[in-house]
Every structure is written in C-alpha cells, then in structure tokens.
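# A closer look at the structure
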Amino acid sequence: MQLSYLSEPSVLYNLQYRYSQDLIYTKAGPVLVAVNPFKKVPLYGNEYIDAYRNKTKDSPHVYAIADSALREMKRDEVNQSIIISGESGAGKTETAKIAMQYLASLGGGGGIEYEILQTNPILEAFGNAKTLRNDNSSRFGKLIEIHFSTTGRICGAMIQTFLLEKSRVVQCAVGERSYHIFYQLCAGAPASLRDKLNMKKADEYKYLKQSCCYSIAGVDDAQMFRTVTEAMNIVHISKEDQDNVFTMVSAVLWLGDVSFTVIDNENHVEIVVDEAAETVTRLLGCSIEDLNLALSKRHMKVNNENIVQKLTLSQAIDTRDALAKSLYASLFEWLVEQINKSLSVGKRRTGRSISILDIYGFESFDRNSFEQFCINYANERLQQHFNRHLFKLEQEEYVEDGIDWAKVEFEDNQNCLNLFEKKPLGLLSLLDEESTFPNATDLTFANKLKQHLNNNSCFRGERGKAFAVRHYAGEVAYDTSGFLEKNRDLLHMDSIQFLAKCKSSLPQMFASKMLSQSDNPLPVPYRNSAADSQKLSVAMKFKGQLFQLMQRLESTTPHFIRCIKPNNLQLPAIYEQGLVLQQLKCCGVLEVVRISRSGYPTRMTHQKFARRYGFLLLEDVASQDPLSVSVAILHQFNILPEMYQVGYTKLFFRTGQIGKLEDTRNRTLHGILRVQSCFRGHQARRHARERIRGVLALQSCTSKLLQLYVVSVPFSCCYNFSLSLQFTLLIL
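Residues numbered from 1 in each chain as written. Predicted model: local features only at pLDDT ≥ 70, side-chain atom pairs only at ≥ 80, totals over all residues. Heavy atoms only, no water.

Where we set the bar: UniProt positions are given in the numbering used here, feature names are shortened, and annotations may be inferred rather than shown by experiment.
An unreviewed UniProt entry lists the chain under the name Myosin motor domain-containing protein, with Oryza barthii given as the organism. What UniProt states about the chain under its Sequence similarities (unreviewed entry) heading is, verbatim, "Belongs to the TRAFAC class myosin-kinesin ATPase superfamily. Myosin family. Plant myosin class VIII subfamily."

Quick look at the structure:
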C-alpha cells in the first residue's frame, strides 16, 4: 500500500527484502501475504499475543488478522471467516494453527480452547502425509468453526472435513509417505500394544514399502505417536476407543499383506492362510472363511436369481484395496465425529463464530490424477470467492452507492468454473455420466471430453487418456487413468456384509453407516445391488460439499491470508523470484493493492455511524436525520474530504480513518466512565459519613441514658439493659 511505485519488481523486492529480515508477513491491502520461512522464526508466543491484543504492535501478522476477526465479530455481531489459501507447501496448516492459538489465548478460560488446539495433532496424524513438495501435506480439507459466548469466550467448536485422499492408503509415489499415523504407530506403539496388534516395522508392510520412504528429516515418529495419544486423552477419546482406533489402523496395514493363490486355469483365487490373513481376522473379529468369501467371491442378483462369481487375481486385489480404503476413510470420519462430540457447543451456543478454512492448495505434478482434479476445482471455487469479495462486490458496491470510482480490471476465473460445473457438458457432469456406464473406460471418458469440450478456451485435449485445464494458477495436464473407478468409489455389498459380521465394534458401525446410505439409492440402470447404489459419486458429493462451504463463507465477513512458497526445495533463506511472482499473479495480489490504494475498505451505514459516534458531537443533533449527523461528525473531527466519500446509504473511508474515530470514542467513553466512577464514589462516601454520624449520635444519647439508669437500678438489671442496647446498636 505504501510503495511509491506499484509494479511487479517493486513488490517482489519488497517481499524479498522483508523475507531476508525474517519479516515473513506483509500486508497487501486487506490481504495478509505470508511467505513460508521453512524454519522457526521468533514471531510468536505470549509476548507477541499480548502486544497485538493491547495494540502495542501493528505490523502485519496472523495475530493481527485473528484479532481483527475477533473484534469485528464482537462489534458487528456478524460471523467471521479466515480463509487461508496457497500452493501445497506454502504453510497453510501452520498458519491455521497460529490463528487458532491467538483466538484460544484471547477467548480462553473455560478449558475448551485447549481441547480445540489438541485436535491438530490428531487430524494431522490421520489426514496428513509427506508428498514430494511438502513434508506435512494436508490430504483433506478442513473447516473449523469456533463458537463464542456473549462474553467473547470460546464455548465450543465444530470441524467439517472434505475429500480425504483415500487412494494414498494403498498406493503412493516413490519418495512420498502414506498417512503419518501408520509410521507413528509402527515406531511409537508401546510393547503391550505392539504385541496385541502384531506390529511390524514400517518397511515390512506392503502398503508402506512401495514408496521406499519411511521417515521425515527432523521428525520423531515415536514422539509424535505419544503426542497423538495425549491429544486423544485431552479430547476425551476413551482408552478403549483409542485401542479400537489403532486396531483398525493395524488391520488396514495387514490387509495390504493379504495375498492370493490361483486355484484354476481361469485365474480364480483364494486367500493364502498365513500370518497376514490370520492377523486381519483376529483384529477385525471374523473368521478366515468370511475373509476369503469377501475377497475372492462376489454375490450378484441377475433376473431374480442369485449368482456367485469367482474373482480373478486382479479383481481380488482391487476388492482387498477397496476394503482397506473404506476402512480407513470410515475410521477418519468416525474420529472427526468423536472430536466434534467432545467440542460440541450445546446450550451455550450464541451463533457468533469465527471459521478457519485450511484446505489443500493448488497442485500440479508430473502426473495429476483424480485427486488433483478435485483439489484444483476446490481452489478455483475459493479463488472465485476471493474475486467476488475483493474485486466484484467491492467495485459493484461503489457504483451502486454513487461513489466516484474508476474500475480496476482483474483476471476472472468464471470461464474455468463453467468448464467444471456447466450442465450437461461440464467436466463434472460428463464424468458422472460416464461413471454410470458399465462398459465405460478411462479412455472413453477422455475421448468424450475432447468431443464436447475442445472449443472451450480453458480446455485442451491431449493424446491418449490425457487432457489439460487452464486454471487461474496455470495450466495442468490430467491423466484420466483411474478417474472412473475413483469417482464411483463403490464398496460391494459382500464387503459391507463382511464388516457387519465382524465382532469388533468399529467395523460393525462402519457397515451400519454404509447400509444407511444405501437406503436412498440412485436410479442408475446398471447398479444391481444396494452397495452399488449406496451414494453419490465422489465428484458430485464433493461439489455439493463445496457449494455448502461457499454458502457458509458467504454469510461471514472474510479475512484472507495468502501463503507463498518461496522455493520448491523446502529450505530457508532461498527466494526464487519466478516462483513467487507466479503465485502473486495467480492470487491477484497486485490488483488487490491497486483497489486498496484507490478504494475505501471501511464502510458503515449512515444510521449505524450516527448511532455509534453521534454522542461525540458538541451540539444537540437529536432531531436531525442520520446523514446530517454523520456529516456533522466528519466536519467536527476534520476528516479530510479525500479520506472519505458519502454514498446514498453508507459512508466509505480510506484505510485507518475509522480507527481515529474509534480511538476518540473509546477515550470519551473511558472518560465518561471515570466521571461516573468518581461521582458514584462521592455519593457512596457521603452516604457512609451520614450513617457514621447517625450511629455516633445514637451512641452518645444511649450513653447518657445509661448513666442516668445506672444511678436508680440494681447492677444486674443495668448489665442486661446495656447488653440489649448494644445488640440494638449492632442491628442498626
């Protein structure tokens, strides 16, 4: 905002200079830009929290954004949201934790704030993983809604999650890791639990050893396991439930080691009865026969006739992996439900809340599959929300209220969103349609996209099963291999019934939930079992969740934090200008600053402005209309004409102007309270003196009366009379 010349080189140099001084936060108008330092920086803790709470510091910081959200929630009685976005590895998860830390410190006191903070290690263990670009990448989206009481204290919270990357459970690329909890359990389980679960080393499990990566530099998985169990205790997950959770985690790992033997020349299989199979059955509470039936055979109903189909080796492996993925995803959902029960607001809920959105960042790898497709679609939606509030709505409001305004142009991503969402020829609609055909393949899906979308400027068809999308953050090529299977995400009824037969409580619970979802089947011709019709496709379910998220965010006052990744090596003190510039262009930072420099970020209706500051006027204006009162206030406090504009319904202010009025208002109210305090003290002291004088006068009269009485009556009667008088005086 204060740069003499606003240009790409000046912004890049400004960020780089500040970054070299460990000043990782910079304000771009209303947006906080946070550059990942890839190291610990001395910018946090109680000293800094107190400084931002007491306004002795005003430099850019996550604390300042959280403080602003808290103050606006109390002042305006409107729900707030802190939307944290950026590429994978830009530091979104850590930024979200820092914002939560500040809110917990200011709104704490009841103990619930500590529980909220302790959800982080649990969700990170079960939902984060090491990728090639980020050692602690969130493989799910998270919205945490923190609720406050009327006194501004935290009284509860609710967590909503989005699209866990289930495929990572059974397969991940070389150099990456699956979910942290697998490695933490292998490294940190105590001897008793290790014996109970028959745990092996991480590099001995098939699901984990395929990536050849078992550790993260500087991270102690054994210590992290202890941290997770302590966090579970704090959020009131019982010891029994914790044991059940780790039993399911171990069962998923051992499922990957279940192997098959071919039993005939048609490649039909049965499971091999070995340590893996026996351990799985013991952990799930089932028999070898039930496990073999679920993984090697499939029951189908054709023309009212029940048919048993023997599975081939590839089909059996797919069935086993589908079961492992569903088990883990169900476990993750169950954990979130237990956390929400612990954090539930109950009767203390007031409706005031601050939501913190930490969702996966824009991703582009050498090979981008279904997960990146969904993740990047979510980022397109979030970018549109950003555009709406900082560009579209901002400028439309100026025009509608009659403000003199020269429009600032910006890059709109509506065309890309139309490519995803348009019916019936959008990417999501075509994917859902192709998923309903039994003979459809990933290649037929890719060909259908090229046939219908080649004329779209944001789409480009490529050879074979690939296509490319021009996103707001750049072009990404997608490989459709596995798209249809992942979108259908079907767990066959045989597998659900197998889980329902298990003696362990959690598999039974998971099966019950899956069956309840199947009570409302989709009318799709080829799906011939309850499980096949159990739910919406993954893409459509995700789209629905995303629209609900956007509706919730639209009802709040947003605060934006843009996280920037300074280099791809994840090392401190390295600043790649090209990479940073690309991210700044993607998130429209220059446009935001241009609007902020020429715009009026603070606005208030005439009625509210007059009601809030009218008492500061020296003359009586009770009979005047709100507009006249507002103008009189502006003139009395000598606010320069270029610092504000008067609209039809609102007053619009440049940055910092409303703060001066707030300071004056607070000082005046403080003075009024001091005067009232002094006056009430004076009244209380005068009243006390009058009571003391009355008591002394009464005592004086009583003493004289007692002296006269003593002369004429016996001593015993005099003593009793004296006691009676003293008692009467005490009552008085």
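Having seen the model, we can carry on.
### What to know about the nonpolar core
To be explicit about the condition: We call a set of buried residues a nonpolar core when its members are Ala, Val, Leu, Ile, Met, Phe, Trp, Tyr or Cys and they connect through side-chain atoms within 4.5 Å of each other. Any residue under 20% of the maximum accessible area for its type is buried, any over 50% is exposed, and the rest in between are partly exposed; the area is computed with a 1.4 Å probe on protein chains only. In DSSP terms, a helix is any run of H or I states spanning at least four residues, a strand is any run of E spanning at least two, and both are numbered starting from the N terminus. Residue contacts are defined here by distance: any two heavy atoms, one from each residue, within 4.5 Å place the two residues in contact.
Formed by 128 residues in total, the largest nonpolar core has its most connected members in Phe 126, Phe 182 and Ile 356. Looking at this core element by element, the count peaks at 13 residues for helix α14 (residues 313–343). Setting aside residues up to four positions removed in sequence, Ile 356 forms contacts with Ile 82, Ile 84, Ala 96, Ala 99, Met 100, Leu 103, Lys 142, Leu 143, Ile 144 and Ile 146. In terms of nonpolar packing, the next biggest core, distinct from the first, is built from 59 residues, Ile 403, Leu 419, Tyr 478 and Leu 546 among them.

### Remarks on the packing of helix α6 (residues 119–127) against helix α7 (residues 180–188)
What counts is decided by this rule: Between N-to-C directions, angles cover 0 to 180 degrees, with each direction set by a line fitted to C-alpha atoms, over the stretch in contact for helices. Note on angle classes: values under 35 degrees are labelled roughly parallel, values over 145 roughly antiparallel, values of 65 to 115 roughly perpendicular, and the remainder oblique. Each residue is assigned to one class: nonpolar for Ala, Val, Leu, Ile, Met, Phe, Trp, Tyr, Cys and Pro, charged for Asp, Glu, Lys and Arg, and polar for all the others, Gly among them.
Where α6 meets α7, the axes come as close as 5 Å, and the angle between the chain directions of the two elements is 100 degrees. One way to sum up the angle between α6 and α7 is to call them roughly perpendicular. Contact with α6, carried on its side by Glu 124, Ala 125 and Phe 126, involves His 180, Ile 181 and Gln 184 of α7 and no other residues of that element. Of the residues in the contact of α6 with α7, the class split is three nonpolar, two polar and one charged.

### Comments concerning empty space enclosed by the protein
Rules: Think of a 1 Å grid over just the protein atoms. A cavity is a set of points where a 1.4 Å probe fits yet cannot get out, a pocket is an open set with protein on both sides within 12 Å along at least five of seven lines, and lining residues have an atom within 4 Å of a point. Grid points are joined across faces, edges and corners, and a volume is the space filled by probe spheres set on the points.
Throughout the structure, instances matching the rule amount to three cavities of 30 Å³ or more. Each pocket or cavity is described by its volume, and for the largest cavity that value is around 120 Å³. Along its surface, the largest cavity is lined by Gly 86, Glu 87, Phe 362, Asn 379, Tyr 472, Ala 473, Arg 562, Cys 563, Ile 564, Gln 583, Cys 586 and Cys 587. Only β16 (557–564) and α23 (577–586) provide two or more residues apiece to the lining of the largest cavity. With three residues, the top contributor of residues to the lining of the largest cavity is β16. The class makeup of the residues in the lining of the largest cavity is seven nonpolar, three polar and two charged.

### Regarding the side chain of Glu 176
Counted only if it meets this: We call two N or O atoms a polar contact when they sit within 3.5 Å, provided that within protein one can donate a hydrogen and the other can accept it, with sequence-adjacent residues counted only if both atoms are side-chain atoms.
With respect to the secondary-structure elements, Glu 176 resides in the loop between β7 (154–162) and α7. For Glu 176, a relative accessible area of 7% gives the class buried. Among the polar contacts made by the side chain of Glu 176, one reaches the main-chain amide nitrogen of Leu 132 at a distance of 3.3 Å.

### What to know about the sheet that holds strand β3 (residues 80–86)
Within a sheet, each strand pairs with its neighbour through backbone hydrogen bonds, oriented either parallel or antiparallel. Definition in use: One requirement defines pairing of two strands: DSSP has to find at least two bridges between them.
Spatially, the seven strands line up as an open sheet ordered β1-β2-β16-β3-β12-β6-β7, and their pairing is mixed. Either end of the sheet is taken by a strand with one partner, and the two such strands are β1 (25–28) and β7. The sheet shows a mean angle of 20 degrees between the axes of neighbouring strands, direction not considered. Strand direction decides the pairing type here: β3 and β16, joined by seven bridges, are parallel. Looking across to β16, one finds that Gly 86 is bridged to Cys 563. On top of the sheet, helix α4 (residues 92–107) reaches β1, β3, β6 (141–148), β7, β12 (352–358) and β16; it is set at about 160 degrees to β12, its chief contact. Together, β2 (31–35), β3, β12 and β16 form the strand contacts of helix α15 (residues 370–400), whose direction differs from that of β16 by roughly 125 degrees.

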